[in-house]
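A structural walkthrough
Each chain, written out:
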Amino acid sequence: MAGFVNFSFSSEEINSHHRNIEILGIHPHNDDTDLPSRYSMSDYKTAATTYAAVSIRNGEKSYRGKDGQPVIVLKDFNMTVSRGCIYSLLGSSGSGKTTALKVMVGVHRLDQGDVKVFGEIPGTKESRIPGSLAGYMPQETALYDDFTIQEMLSYFGKIYSMSASEISERSEFLINLLKLPEPNRKVGSLSGGQQRRVSFAVALVHNPPLLILDEPTVGVDPTLRLSIWKYLRQLATESKTTVLITTHYIEETRQSDMIGVMRNGKILVEKHPDVLLEQYNQEFLEDVVLTLCHSDDYADVGVSNTREESFPAILHADETEENHNMPIKAQFSEVKTASRFKTASTHIQALVMKTATLYLRNFVFLLFSLMFPFSQVLVVALTIGNKPDDPSFGVVNYDSMQSNCSFAPKFENCSSVGLSCKYLSKLEQNGITLINYPSEEVAYEEVARGNVWGYMKFSKNFSSYYHSMQEYNLFGEGVDDKFSHMIHVKMDMSSRMMTQFYQQLMIRVYEEFASEFKEACDHNKGVGEFPMKIADPIFGSNDADFRQFILISTIVMTVYFFPMISSSFWFIFDKRWGTQGRAIVAGVKTWEIMFSSYVIECPITIFQIVSSFLVSVYICDVRISGSIFLAFALCIIVGFCGVSGGFLIATFCSEEIQVGIAVMGELSFTI
Ligand SMILES: Nc1ncnc2c1ncn2[C@@H]1O[C@H](COP(=O)(O)OP(=O)(O)OP(=O)(O)O)[C@@H](O)[C@H]1O
């Protein structure tokens, strides 16, 4: 693993650097142009083992409890892990071990106190933590079930900027070491123990100088546990890798250089296992831990960092407070890491490949994402806003008891005979099938049965009363029903679309009918006209139909909500599986995750938009009156707003169901 760090030196500092370079075992040159400009990870391991790899001083950390009150998890927490040693952190469940590890890898920040890893504060630019300095194995397996073992190792190898050959070499080694199944086996098909070993291999893939392992031996058989410890010992001794491990198998920690016993958020004691056994006069470490915890219940044994009592063989030759905090860069004038742009682009490539692989492995989801938008447009086009195929309407015509009209719809003179028939003929000319019923009761029954949408009733002598009303402005004499000159309509109003369709048609046909009547009777056309005229529209058209409106709204909603759903779901899966946290510890930034999501969602959103547009325009006859490119660009912007909305939702949610509810909530507001 070469080429993770660049160190360069100013000429004034060369002498002091030469001294430090010698510590690293690298031979200095006299000419500064010959000085090595790139240092490998192993430099971090070999450099000055006298300085602490990890040190926490007076650490305090609390979480917000359910009642909103802070729950203290770490208090007066003091811990020192020397470089090149195996440090086992022991403690009962809930004592705060994982929290302490998360503080070290920069996932959590201390509320108070100092934490330094290789002399730098995790999370700062200089620290490279989160980043490639640490290999972190979280408690949960934090793997993608749909990935193969090889893909899992390659994904993290790529995040750590390893080359393809480095990844394949290292994968082969780790697969053999950890006795993993064939590299093309899917993680989801492995047993729990095998998955933990893959997770362990992922933490080791870039051969980091600091290994932070949260219960790596859980679910691993004793033989393999032995070989894991053997390998850790080899790493610590030969490569000076610092190993920090938590475990509930207390006896296995005999092989470590230092044991830290934790209880109620603080370290009770930090000593070599042999020193502990000797001091507490016990044969087993479990008994030591029990004794320690028991004494802590009765008396505060205090934070013990009394390392002078520790076993002399361990690596903490010069552990003054000053040295614990001595940054590694103090040994070099300047630490240059790979260019940020290059690292970011490598991360983004890895993330895009990861999501693309997940999409391909979940082909049904991909197909659904691609096909659903245009199928939705098609379904909406076929079901909403269409004119009825065979519109039929009932007629109860008491007008001179004419049930069968055989009059021509045109007015030849100002006659008062068969006006209802003239109106009905005009309706038929407009495509309405009229069904005559003998009485209102029968017509009502037929509407109730769903055979017609409604019926219209013409009163007895409608024609003559209508004629006198128009000619002389007189109501029919001796008629009880003052509204005999009117057409009475009753409809099934449960469908807004159908109601609108029939109402608009009947009014338009009536206007034609009334205008022709006035012309035939030589009346002033303006008399009795509706005193309002709707002028030409500012936007849209006079005959804009509901279908056009609903289809455009459907496209916009589709290109907003689908990217939102997919981005938020991938984000939440990644969060819940622990893979996102793991990638962040490996140095991936939140903006890189977001950017990669835009990159992967972009072709999918474009496909969704293009297919929805084509279906709308060429199959559903939607008219785009402005620029199609502008419409397309607006949809793309809406799509990206959807992806961003997905991130926002996923940030506040921890479960898919919460995402679903949030998206549905937003959808209902939009509707
Ligand atoms: N994100 C969180 N929010 C609120 N409380 C938390 C959170 N993470 C951990 N805790 C609480 O902090 C305490 C310490 O948890 P932690 O996981 O650090 O313990 P642990 O020693 O690693 O336990 P175990 O051995 O079971 O893994 C527990 O009481 C836990 O419930």
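Residues numbered from 1 in each chain as written. Predicted model: local features only at pLDDT ≥ 70, side-chain atom pairs only at ≥ 80, totals over all residues. Heavy atoms only, no water.

1. Digging into the overall build of the chain
If you tally the helices and strands in the chain, you get 21 helices and 16 strands. Looking at the 671 residues of the chain, the share that counts as buried comes to 48%. When contacts within the chain are restricted to residue pairs at least 6 apart in sequence, long-range pairs at least 24 apart make up 75% of them. In the form shown here, the chain has an accessible surface area of approximately 32,900 Å², with 57% of it arising from carbon and sulfur atoms. (Helix = DSSP H or I, 4+ residues; strand = E, 2+ residues; numbered from the N terminus. Buried < 20%, exposed > 50% of the residue type's maximum accessible area, 1.4 Å probe, protein only. Contact = heavy atoms within 4.5 Å. Areas by Shrake-Rupley, 256 points an atom, 1.4 Å probe, with all protein chains shown as cover.)

2. Structural notes on the nonpolar core
One finds Met 152, Tyr 155, Phe 156, Leu 213 and Leu 232 to be the most contacted residues of the largest nonpolar core, which totals 67 residues. In terms of domain composition, this core takes at least three residues from each of domain 2 (40–133 + 209–219 + 240–331) and domain 3 (355–380 + 545–670). Those residues in contact with Phe 156, other than ones at most four positions away along the chain, are Val 202, Val 205, Thr 579, Arg 582, Ala 583 and Ala 586. Counting 30 residues, the second largest nonpolar core, distinct from the first, contains Leu 74, Val 103, Ile 129 and Ile 212. (Core = buried A, V, L, I, M, F, W, Y, C linked by side-chain atoms within 4.5 Å. Domains from an automatic or database assignment.)

3. Description of the pattern of salt bridges
For the coordinates displayed, the defined rule picks out twelve salt bridges. A salt bridge links Lys 457 to Glu 440, with the shortest nitrogen-to-oxygen separation between them at 3.7 Å. Of the two residues, Lys 457 sits in strand β15 (residues 454–458) while Glu 440 sits in helix α14 (residues 440–448), which places them 17 residues apart along the sequence. On the basis of relative accessible area, Glu 440 is assigned to the partly exposed category, the value being 26%. (Salt bridge = Lys/Arg side-chain N within 4 Å of Asp/Glu carboxyl O.)

4. Description of the site of the ligand
Inspection of the region around the ligand gives 13 residues, with Ser 93, Lys 97, Thr 98, Thr 99 and Gln 139 positioned closest. Within the contact set of the ligand, an oxygen atom lies 2.8 Å away from a backbone nitrogen or oxygen of Gly 94. Between the ligand and Lys 97 there is a distance of 2.8 Å, counted from an oxygen atom to a side-chain nitrogen or oxygen. For the ligand, the accessible surface in isolation is 630 Å², of which the surrounding protein chains cover 60%. Sort the elements by how many residues they give to the shell around the ligand and helix α3 (residues 97–104) lands first, with three residues. When grouped by side-chain class, the residues that make up the shell around the ligand number two nonpolar, nine polar and two charged. (Near = heavy atom within 4 Å. Polar contact = N/O pair within 3.5 Å; in protein donor to acceptor, adjacent residues only side chain to side chain. Nonpolar A, V, L, I, M, F, W, Y, C, P; charged D, E, K, R; others polar.)

5. Regarding the UniProt feature "transmembrane region" (unreviewed entry) in the chain
Those residues carrying the UniProt feature "transmembrane region" (unreviewed entry) are residues 363–384, 549–573, 593–620 and 627–649 in this numbering. Note that residues 549–573 is 100% helix and 0% strand, and that its end C-alpha atoms are spaced 36 Å apart. Annotated as 96% helix and 0% strand, the span residues 627–649 places its first and last C-alpha atoms 33 Å apart. (UniProt positions renumbered as here; feature names shortened; annotations may be inferred.)

6. Re the packing of aromatic side chains
Taken as a whole, this structure holds 31 aromatic pairs when the rule is applied. Ring geometry for Tyr 598 against Phe 647: centres 5.9 Å apart, planes inclined by 80°, an arrangement best described as edge-to-face. Here the residue Tyr 598 occupies a position in helix α19 (residues 590–619), and Phe 647 occupies one in helix α20 (residues 628–652), the gap between them amounting to 49 residues. On the basis of relative accessibility, which here comes to 3%, the residue Phe 647 falls in the buried class. Within the aromatic cluster, the residues linked to one another by ring pairs are Tyr 144, Phe 147, Tyr 155, Phe 156, Tyr 359, Phe 365, Phe 569, Trp 570, Phe 573 and Trp 577. Above the face of the Tyr 249 ring, Arg 225 is positioned so that its terminal group lies 3.9 Å from the ring centre. For the cation-ring pair, Arg 582 lies above Phe 156, with the distance from its terminal atom to the ring centre recorded as 5.6 Å. (Phe/Tyr/Trp six-rings, centres within 6.5 Å; stacked < 30°, edge-to-face > 60°. Lys NZ or Arg CZ within 6 Å of the ring centre and 35° of its normal.)

7. Section: the confidence of the model for the chain
Of the residues in the chain, 81% have a pLDDT of 70 or more, and the chain-wide mean is 79. Per-element confidence in the chain ranges from a low mean pLDDT of 32 for strand β1 (residues 5–8) to a high of 95 for helix α4 (residues 149–159). In the predicted structure, residues 300–327 sits below a pLDDT of 50 and forms 70 contacts with residues beyond four places in sequence or in another chain. Here residues 329–336 scores under 50 on pLDDT; set against residues more than four positions off or in separate chains, the count is 29 contacts. (pLDDT = per-residue confidence, 0-100.)

8. Points about the sheet that holds strand β8 (residues 210–214)
Spatially, β7-β8-β9-β5-β10-β11 is the arrangement adopted by the six strands of the open sheet, whose pairing is mixed. The open sheet has two free edges, formed respectively by β7 (134–137) and β11 (266–271), since each of these has just one partner strand. Pairs of neighbouring strands in the sheet enclose a mean axial angle of 15°, with direction left out of account. As judged from the five bridges shared by β8 and strand β9 (residues 242–246), these two strands associate in the parallel manner. Residue Leu 211 lies in a different strand from β9, and its bridge partner there is Val 243. Contacting β7 and β8, helix α6 (residues 192–204) crosses the sheet at an angle of about 165° to β7. (Pairing = 2+ DSSP bridges. Axes fitted to C-alpha atoms, helices over the stretch in contact; angles between N-to-C directions.)

9. Let's talk about the side chain of Asp 214
Residue position: Asp 214 is located in strand β8. Salt bridges are absent for the buried Asp 214, whose nearest opposite-charge side chain, Lys 102, sits at 6.7 Å. A distance of 2.9 Å separates the side chain of Asp 214 from the side chain of Thr 98, its partner in a polar contact. A distance of 2.6 Å separates polar atoms of two side chains, one belonging to Asp 214 and the other to Thr 246. Other than its neighbours up to four places away in sequence, Asp 214 contacts Thr 98, Leu 101, Met 137, Pro 138, Gln 139, Arg 196 and Thr 246. (Lys, Arg positive; Asp, Glu negative; His and termini not counted.)

10. Side note on the pairing of β8
β8 sits mainly inside the fold: five of its five residues count as buried. On β8, burial covers both faces: Leu 210, Ile 212 and Asp 214 on one face and Leu 211 and Leu 213 on the other are all buried. Pairing analysis gives four bridges linking β7 to β8, with the strands arranged parallel. Bridged to Tyr 136 within β8 is Ile 212.

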